[in-house]
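Coordinate analysis (summary)
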Amino acid sequence: MAEVATPRRSRITPERAAELYEAVLDLLREVGYDALTMDAVAARTRSSKATLYRQWGGKAELVVKAIRHNKPGSFAGVDTGSLRGDLHAHMELADDCQMEQNAALMRGLAMAVHNSPDLLREFREQLIEPEMTEFRRVLQRAIDRGEIRADNPALEFVVHMMIGAFVTRGLIEDQPPTRAFLTSYIDAVVLPALGAPTT
C-alpha cells in the first residue's frame, strides 16, 4: 500500500510572519473581514497564495493568529501578589494607541464572527479560551490568598466585564478604551463585584 504524503508547512521566519500579520491587520482595517481575501494578502506581502494556505490553512486562522500576535502580553508573566496589582499590571501591557487600534479591529470583526463559523471557532480556540484560562489562574491565586471567596457569583463574569468595558466605551461614550478608563473600571466595578480590596 502506498504511503500518503502528509502536507508539510513551509518554514517562515518569525520576522516574516510578523510582516505578514501586520499586513493582514492593515487589510482588515482597510476593507474588513468579509472583503479581505488570501489573494489580497498574497499581493500585499509578495507571497504565494499556496504558501499562505500551507502555513495557515485559510483566512480565519490567518486573521486570528495575526490578532493574537498583535495582542499585548498575557497574564502569564504577571504576579504582583494582589488581584488589583495583577489586573492593573495587565492594563500596562498595552498603550492607549494599541488599545484604540484593537478596539477598532474588534468592532470590525464582531459581525463577521457571528456570520463565519470558521472565524468564530478560531477566535474561541486561539483567543477566548486561552484568555479565560489565564483569567481563571489569576482569580484562583486571589482565592488562594484569601482576597476573594471561591463562591462569589461574579467570578464567572470577570472576562465578560472586562471585554464589555473595552468594547462598549466607544458605543456609549464615543471614546476609545484607555488605560486610565480601564484601571478606573477595575477599581470601581470589577474588584467591588468580587469583594476584593480596591487599594
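This one's a predicted model, so the numbers in the text were calculated from it and none came from an experiment.

A word on the overall build of the chain
Helices and strands together make up the secondary structure of the chain, namely 9 helices and 0 strands. Its helices and strands taken in sequence order, the chain reads α-α-α-α-α-α-α-α-α from the N to the C terminus. Along the first, second and third principal axes, the C-alpha atoms of the chain reach 60 × 50 × 30 Å. Contacts spanning at least 24 positions in sequence make up 66% of the contacts within the chain whose residues lie at least 6 apart. In the structure as shown, the chain presents an accessible area of about 11400 Å², 54% of it carried by carbon and sulfur atoms.

Digging into the packing of aromatic side chains
All told, the structure shown has 2 aromatic pairs when counted by the stated rule. Lying over the aromatic face of tyrosine 33, lysine 59 brings its terminal NZ or CZ to 4.2 Å of the ring centre.

Some points on the environment of methionine 91
Here methionine 91 shows up in helix α5 (residues 83-91). On the basis of relative accessible area, methionine 91 is assigned to the buried category, the value being 9%. Linking methionine 91 and aspartate 26, residues 65 residues apart in sequence, is a C-alpha distance of 24 Å.

With respect to the environment of leucine 120
Within the secondary structure layout, leucine 120 lies in helix α7 (residues 117-145). On the basis of relative accessible area, leucine 120 is assigned to the partly exposed category, the value being 23%. Linking leucine 120 and alanine 60, residues 60 residues apart in sequence, is a C-alpha distance of 8.4 Å.

With respect to the nonpolar core
Within the largest apolar cluster, 28 residues are counted, with the highest numbers of intra-cluster contacts made by Leu83, Ile148, Val158, Val190 and Leu194. Among the secondary structure elements, those contributing two or more residues to this core are α5, α6 (96-115), α7, α8 (158-173) and α9 (179-194). Beyond its immediate sequence surroundings of up to four residues, leucine 194 is in contact with Leu83, Leu139, Ile148, Asn152, Ala154, Leu155 and Val158. Leu20, Leu25, Leu36 and Val113 belong to the second largest nonpolar core, which has 27 residues in total.

Some remarks on the packing of α5 against α9
Relative to each other, α5 and α9 sit at 155°, their axes nearing to 10 Å. In terms of orientation, α5 lies roughly antiparallel with respect to α9. Read as a crossing pair, α5 and α9 show a hand that is right-handed. Within the contact between the two elements, α5 uses Leu83, Arg84, Leu87, His88 and Met91 and α9 uses Arg179, Leu182, Thr183, Ile186, Asp187, Val190, Leu191 and Leu194.

A few points about the pattern of salt bridges
Side chains that differ in charge, positive against negative, can pair when their charged atoms come close. Counted under the stated rule, the structure contains 15 salt bridges. Put simply, lysine 49 and aspartate 39 hold a salt bridge, and the shortest N to O gap is 3.2 Å. Placement of the pair is lysine 49 in helix α3 (residues 49-56) and aspartate 39 in helix α2 (residues 38-45), with a sequence separation of 10 residues. Relative accessible area serves as the criterion here: at 35%, lysine 49 is assigned to the partly exposed category. On the accessibility criterion, aspartate 39 (48% relative accessible area) is partly exposed.

Regarding unusual backbone geometry
The phi dihedral of arginine 46 falls on the positive side, at around 50°, and the residue is not glycine. Within the fold, arginine 46 resides in the loop between α2 and α3.

Description of the confidence of the model for the chain
For the chain, per-residue confidence averages 87 on the pLDDT scale, and residues scoring 70 or more make up 92% of the total. Looking across the chain, the model is least confident in α6, with a mean pLDDT of 81, and most confident in α9, with 96. The model gives residues 1-8 a pLDDT under 50, and that stretch makes 1 contact with residues more than four places away or in other chains.

Calculation criteria
- Residues numbered from 1 in each chain as written.
- Predicted model: local features only at pLDDT ≥ 70, side-chain atom pairs only at ≥ 80, totals over all residues.
- Heavy atoms only, no water.
- Helix = DSSP H or I, 4+ residues; strand = E, 2+ residues; numbered from the N terminus.
- Contact = heavy atoms within 4.5 Å.
- Areas by Shrake-Rupley, 256 points an atom, 1.4 Å probe, with all protein chains shown as cover.
- Phe/Tyr/Trp six-rings, centres within 6.5 Å; stacked < 30°, edge-to-face > 60°.
- Lys NZ or Arg CZ within 6 Å of the ring centre and 35° of its normal.
- Buried < 20%, exposed > 50% of the residue type's maximum accessible area, 1.4 Å probe, protein only.
- Core = buried A, V, L, I, M, F, W, Y, C linked by side-chain atoms within 4.5 Å.
- Axes fitted to C-alpha atoms, helices over the stretch in contact; angles between N-to-C directions.
- Parallel < 35°, antiparallel > 145°, perpendicular 65-115°, else oblique.
- Left-handed = near helix turned anticlockwise from the far one by under 90°.
- Salt bridge = Lys/Arg side-chain N within 4 Å of Asp/Glu carboxyl O.
- pLDDT = per-residue confidence, 0-100.

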